[in-house]
Amino acid sequence: MDGTTRERLSQIQGVPLLEPVVKYWARVEKFQASNEDLLITTYPKAGTTWTQEVVDSILNEGDVEKCKRAPTQVRMPFLEMTAPDGSSSGITKLEVMDPPRVIKTHLPIQLVPRSFWDAGCKVIYMARNPKDTVVSYYHFDRMHLYQPEPGPWPQYLEKFMKGQLGWGSWYDHVKGYWRERHNKKILYILYEDMKEDPVREITRIAQFLERQLSKSTIEHIVQMTAFSVMRENPMANYSTIPDTIFDRAASEFMRKGEVGDWKNHFSAEEDAAFEEHYRKIMSDCPIPIRFTI
Ligand code: A3P
């Protein structure tokens, strides 16, 4: 992959996605999930990597060495992601893995390949408040040389509010899974809840995965998956991604891991406009999202 070439966005069913994802979309659409597979799904920057590490730690009963067997993207492939020439992709990785597989996606619910629903797969959805999400996404796009150029922050925030960033509207994304959570096997978790009480939320995830873990194992997993620990773990911090793709001089992947960093980025005017827009657009879907804890 030529890390200096930023990709453009194209669309599938009106949802903006990176051009290579669109180019090789047919492979994603016809992916065959097994009912043992688990899908971890998020809007970008919602805490995907954290959720992945928690899930892998639960499935391996807190065994640190097993969880360090390979980097995140190898242990739990990214379904729709593909190299520009299609030579390596989430699908090519998944095709050589046996179920049960843990699969990451950022696809909105309407674009999740049908086989996941037909097979009755479990899905863990994590949502994060949109102000911290857009700040995190902005810094990510500055450093990820495969993502479209973010441009200046004020325009970036506008694009987020209009659903013009990669993977589309945050609002549609969080609502789509929320509305289906009782009709499908979806566990809906919130980043802020997990920050506030990781024992409670990790216990919920373990129960959803039907894993009986002792209190001490849960507490051990809380420690293993704390931001400060994951940041130092080369198998969980994306340090294996070359500098030609991640420009670490621009930003780090494991950046802050906090609730409320948006206060350092939003001007008072931006916040007021965002709040008004948010209230209007989310009024038909009362997800208990918090902007501070
Ligand atoms: P920040 O940029 O706000 O620091 P994703 O994995 O979906 O790309 O999300 C990345 C965001 O999750 C980043 O947010 C990252 O720092 C944060 N993150 C990663 N691991 C975390 C952890 N163990 N606890 C809390 N936040 C974490």
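These figures come from a predicted structure and were not determined experimentally.

What counts, and where the lines are drawn
- Residues numbered from 1 in each chain as written.
- Predicted model: local features only at pLDDT ≥ 70, side-chain atom pairs only at ≥ 80, totals over all residues.
- Heavy atoms only, no water.
- Near = heavy atom within 4 Å.
- Polar contact = N/O pair within 3.5 Å; in protein donor to acceptor, adjacent residues only side chain to side chain.
- Areas by Shrake-Rupley, 256 points an atom, 1.4 Å probe, with all protein chains shown as cover.
- Helix = DSSP H or I, 4+ residues; strand = E, 2+ residues; numbered from the N terminus.
- Nonpolar A, V, L, I, M, F, W, Y, C, P; charged D, E, K, R; others polar.
- Buried < 20%, exposed > 50% of the residue type's maximum accessible area, 1.4 Å probe, protein only.
- Contact = heavy atoms within 4.5 Å.
- UniProt positions renumbered as here; feature names shortened; annotations may be inferred.

Visitor: What am I meant to see in the site of the ligand here?
Guide: By nearness alone, 18 residues border the ligand, and Thr48, Thr49, Ser136, Tyr191 and Lys256 come closest of all. In the environment of the ligand, a nitrogen atom lies 3.5 Å from a nitrogen or oxygen atom belonging to the side chain of tryptophan 50. The separation between an oxygen atom of the ligand and a polar side-chain atom of arginine 255 is 2.8 Å. Here the ligand, which alone exposes 570 Å², has 97% of that area covered by the protein. Elements supplying a minimum of two residues to the shell around the ligand: helix H3 (48-59) and helix H14 (227-232). Looking at the shell around the ligand, the element that brings in the most residues is H3, giving three residues. Its residues assigned to classes, the shell around the ligand comprises eight nonpolar, six polar and four charged.

Visitor: Mind showing me how you'd approach the side chain of threonine 41 here?
Guide: Relative to the elements of secondary structure, threonine 41 occurs in strand E3 (residues 38-42). Here threonine 41 falls in the buried class, since its relative accessible area comes to 0%. If we skip the residues at most four places from it in the chain, threonine 41 touches Thr105, Leu107, Val123, Ile124, Tyr125, Met126, His173 and Tyr177.

Visitor: Would you take a moment to explain the UniProt feature "domain: Sulfotransferase" (unreviewed entry) in the protein for this structure?
Guide: With numbering aligned to this structure, UniProt lists the feature "domain: Sulfotransferase" (unreviewed entry) at residues 36-285. Taken end to end, residues 36-285 has its terminal C-alpha atoms 31 Å apart, with 46% of it in helix and 8% in strand.

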